[in-house]
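Residue-level structure breakdown
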Amino acid sequence: MDRKKSKLTTKIILPADAWYDEKRKNADKVNRSAKYWGFPVRLRNSGIYQGKGVPEKYNKIFFNSENYPEKAVYREDHSILNQPIGPSANSLIGQGIKVHAKGSITDVPGVLVGHAEDKSGRTGCTVILYPEGAVPGVDVRGGYPGTEQTDAIKPGTATDLIQGVLLTGGSNFGLAATAGVVNWLAEHGYGTPTGVGPLPTVPAAVIFDLYYAKGSPRPDAQLGYKAAKAAKAGSVAQGSVGAGAGATVGKIYGTPMKGGVGTASWQIPGGPIVAAIVVVNALGDIWDHDHIIAGALEPDGKFVNQTRAILEGIPPMPSSIRNRSTTIAVIATTAKLDKAEAGRIATLAHDGMARAISPVHIQADGDTIFCIATGTDTSGLIGNAAVTAVGTVAAVVLEQAIVRGVKAAQAQIKHQQSTK
């Protein structure tokens, strides 16, 4: 029987073949749409995962773009998370052309970054300063946040400008380091003028690193002052430095791995610069496109894939100090924004966090993103258009910063092991 006749007699052939034939037609339709619009489309049908394989012919992924001819890719593992959790920014921006954000948050003129660690090297502070004053925004998504002065910078409040942001270890104890940053800024004449001298505003967020720090002294005003004093323009150290000294990732199941500080930047052609710095201290795994680069480990050293474990019904660990966490970040941009718009940029940037971390924003996370807008851009990009453009890029650079920070921390561990 030729194919044309088989289509006409679908009802009388075997149910499995009829089912496959229908799915094939749907795949053809998707491919035609992809050709028309010029972007890649993934169609996957891996069945209901119950520990059993799915017939190989049903497990196809179809790619179509000007860079990828039509082809079918077969997978040996048929579980639902054999494929990426969601679309990576790199596959969305430029229609499949990879976008690699370069540089650091100090690519925004006037932004300074300083790190300081405790002598133990297991906890520390990272300070992001814009002494002349920037428009702030913030969005807190996690269920276990540790923050300071986030209410003071929300729309409708009197605080129009801030002089910096503190990202710190030490959980709630680490908020004491804010005083050191404020004192350093005041000593150098930065802050809102008052009759008794300048009054700097420095909101802060903490990560929970107490378990990793193992009794090390917590960040205090002295350490915060040290970080502010070390703040400078130029290259920014990444990995296990500053607030990332005690950062870890992958804490729902298995054995965690090291997290750290990462940064990245991007300039919209003819428009504002958008940059990110992040302290990656996540309960979830860290994903770079379609694969895990750091996260919970099984005894044999393989990744657990915590999202898949949850989907397959494996109960998460009970809440304890070991699985409290938080990923905190700052987006800096030269765009002209008001506080409401800066807050929306922080909201949109969480998309980048969700692309790189899974699970994320859960009850034991305190995930927080700040935005600081310097307003020095002269391109004329303002209002809703600026929020859309800057917010989209903010998610991309934050995703990149998360990946870069974790990779830097892992590279440092390998270097330490090789030099022993």
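Everything below is about the structure shown above.
In what follows, the accompanying structure is described. Just so you know, these numbers come straight off a predicted model, no measurement behind them. (Residues numbered from 1 in each chain as written. Predicted model: local features only at pLDDT ≥ 70, side-chain atom pairs only at ≥ 80, totals over all residues. Heavy atoms only, no water.)

Three or more residues of helix α4 (residues 178-187) are buried, namely Thr 178, Gly 180, Val 181, Trp 184 and Leu 185. Projected down its long axis, α4 carries its buried residues within an arc of 165°, all on one side. On its buried face, α4 is in contact with β4 (124-140), β5 (147-148), β6 (162-168), β7 (204-206) and α6 (221-230). The first or second residue beyond α4 is Gly 189, which carries a positive phi of 85°. (Buried < 20%, exposed > 50% of the residue type's maximum accessible area, 1.4 Å probe, protein only. Helix = DSSP H or I, 4+ residues; strand = E, 2+ residues; numbered from the N terminus. Arc of directions from axis to C-beta. Contact = heavy atoms within 4.5 Å.)

The next thing to look at is the nonpolar core. Ranked by internal contacts, the top residues of the largest apolar core, which has 40 residues, are Ile 286, Ile 331, Leu 398 and Ile 402. Put simply, the parts of the chain that give this core at least two residues each are β11 (273-280), β13 (291-294), β14 (328-333), α8 (339-356), β16 (368-373) and α9 (383-419). With sequence-adjacent residues up to four places away left out, Leu 398 is seen in contact with Ala 276, Val 278, Ala 329, Ile 331, Ala 349, Met 353 and Ile 369. Judged by nonpolar contacts, the second largest core, of 28 residues, contains Val 108, Val 241, Ala 243 and Ile 328. (Core = buried A, V, L, I, M, F, W, Y, C linked by side-chain atoms within 4.5 Å.)

The next point concerns α6. Listed as buried for α6 are Leu 223, Gly 224, Ala 227 and Ala 228. The buried side chains of α6 occupy one side of the element, clustering within an arc of 140° when seen end-on. Opposite the buried face of α6, by more than 90 degrees, sit the exposed residues Gln 222 and Lys 229. The inward-facing, buried residues of α6 abut β3 (112-117), β4 and α4.

The next subject is the packing of α4 against α6. Their axes nearest at 6 Å, the elements α4 and α6 cross at an angle of 45°. Regarding the angle of α4 to α6, the classification is oblique. Taken as a pair, α4 and α6 cross one another with a handedness that is right-handed. Packed against α4, whose contacting residues are Ala 179, Gly 180, Val 181, Asn 183, Trp 184 and Glu 187, the element α6 presents Ala 221, Gly 224, Tyr 225, Ala 228 and Lys 229 at the interface. (Axes fitted to C-alpha atoms, helices over the stretch in contact; angles between N-to-C directions. Parallel < 35°, antiparallel > 145°, perpendicular 65-115°, else oblique. Left-handed = near helix turned anticlockwise from the far one by under 90°.)

Sheet faces and side chains relate simply in a regular strand, where the side chains alternate between the two faces. In terms of residue burial, β11 counts as a mostly covered element, since eight of its eight residues are buried. Taking every second residue as pointing to the same face, both faces of β11 are buried, with Ile 273, Ala 275, Ile 277 and Val 279 on one and Val 274, Ala 276, Val 278 and Val 280 on the other. In the sheet, strand β10 (residues 260-267) pairs with β11 via eight bridges, with the strands oriented antiparallel. Its bridge partner being in β11, Trp 266 is matched across the sheet by Val 274. Hairpin geometry of β10 and β11 is characterised by an intervening segment of five residues between the two adjacent antiparallel strands and by a positive phi of about 75° at Gly 270. (Pairing = 2+ DSSP bridges.)

Moving on to the packing of aromatic side chains. To describe a pair of aromatic rings, you give the distance between the ring centres and the angle between the ring planes. Here the structure, examined in full by the defined rule, presents zero aromatic pairs. The cationic tip of Arg 218 hangs over the ring face of Phe 173; the distance from NZ or CZ to the ring centre is 3.9 Å. Across from the ring centre of Tyr 212, 5.2 Å away, lies the NZ or CZ of Lys 258, which sits over that ring. (Phe/Tyr/Trp six-rings, centres within 6.5 Å; stacked < 30°, edge-to-face > 60°. Lys NZ or Arg CZ within 6 Å of the ring centre and 35° of its normal.)

In this section: the sheet that holds β13. One open sheet accounts for three strands, arranged β13-β12-β15; its pairing is antiparallel. Each edge of the sheet is formed by a strand with only one pairing partner; in this case those strands are β13 and β15 (357-358).

Now for the pattern of salt bridges. Side chains that differ in charge, positive against negative, can pair when their charged atoms come close. Within this structure, the stated rule accounts for four salt bridges. Salt-bridge contacts for Lys 154 lead to Asp 151; the nearest nitrogen and oxygen are separated by 3.3 Å. Overall, Asp 151 belongs to the exposed group, its relative accessible area being 55%. Lys 407 is the salt-bridge partner of Asp 288, the closest N and O atoms lying 3.1 Å from each other. Of this pair, Asp 288 sits in strand β12 (residues 285-288) while Lys 407 sits in helix α9; the two residues are 119 residues apart in sequence, bridging distant segments of the chain. Among the residues examined, Asp 288 registers a relative accessible area of 12% and is labelled buried. (Salt bridge = Lys/Arg side-chain N within 4 Å of Asp/Glu carboxyl O.)

Of the two faces of β12, the one lined by Asp 285 and Trp 287 and the one lined by Ile 286 and Asp 288 are each fully buried. The pairing of β12 with β15 spans two bridges and is classified as antiparallel. What sits directly across from Asp 285, in β15, is Ser 358. Where β12 meets β13, three bridges bridge the pair, whose relative direction is antiparallel. Note on β13: the bridge partner recorded for Ile 286 is Ala 294.

With that settled, the discussion passes to the side chain of Thr 123. Structurally, Thr 123 is set in the loop between β3 and β4. The exposure class assigned to Thr 123 is buried, which follows from its relative accessible area of 1%. Within the structure, the side chain of Thr 123 is placed 2.8 Å from the side chain of Asp 209, a separation counted as a polar contact. Dropping the residues within four chain positions of it, Thr 123 is found in contact with Glu 117, Asp 118, Gly 169, Gly 170, Asp 209, Ala 213, Pro 217, Pro 219, Gly 242, Ala 245 and Gly 246. (Polar contact = N/O pair within 3.5 Å; in protein donor to acceptor, adjacent residues only side chain to side chain.)

Another aspect to go through is unusual backbone geometry. In this structure, the amide linkage connecting Ser 358 to the following residue, Pro 359, adopts the cis form with an omega of -10°. Relative to the helices and strands, Pro 359 is located in the loop between β15 and β16. Even without a glycine there, the phi angle at Thr 326 is positive, about 160°. Its location among the elements puts Thr 326 in the loop between α7 (306-311) and β14. Residue Thr 326 is classed as buried on the basis of its relative accessible area of 2%.

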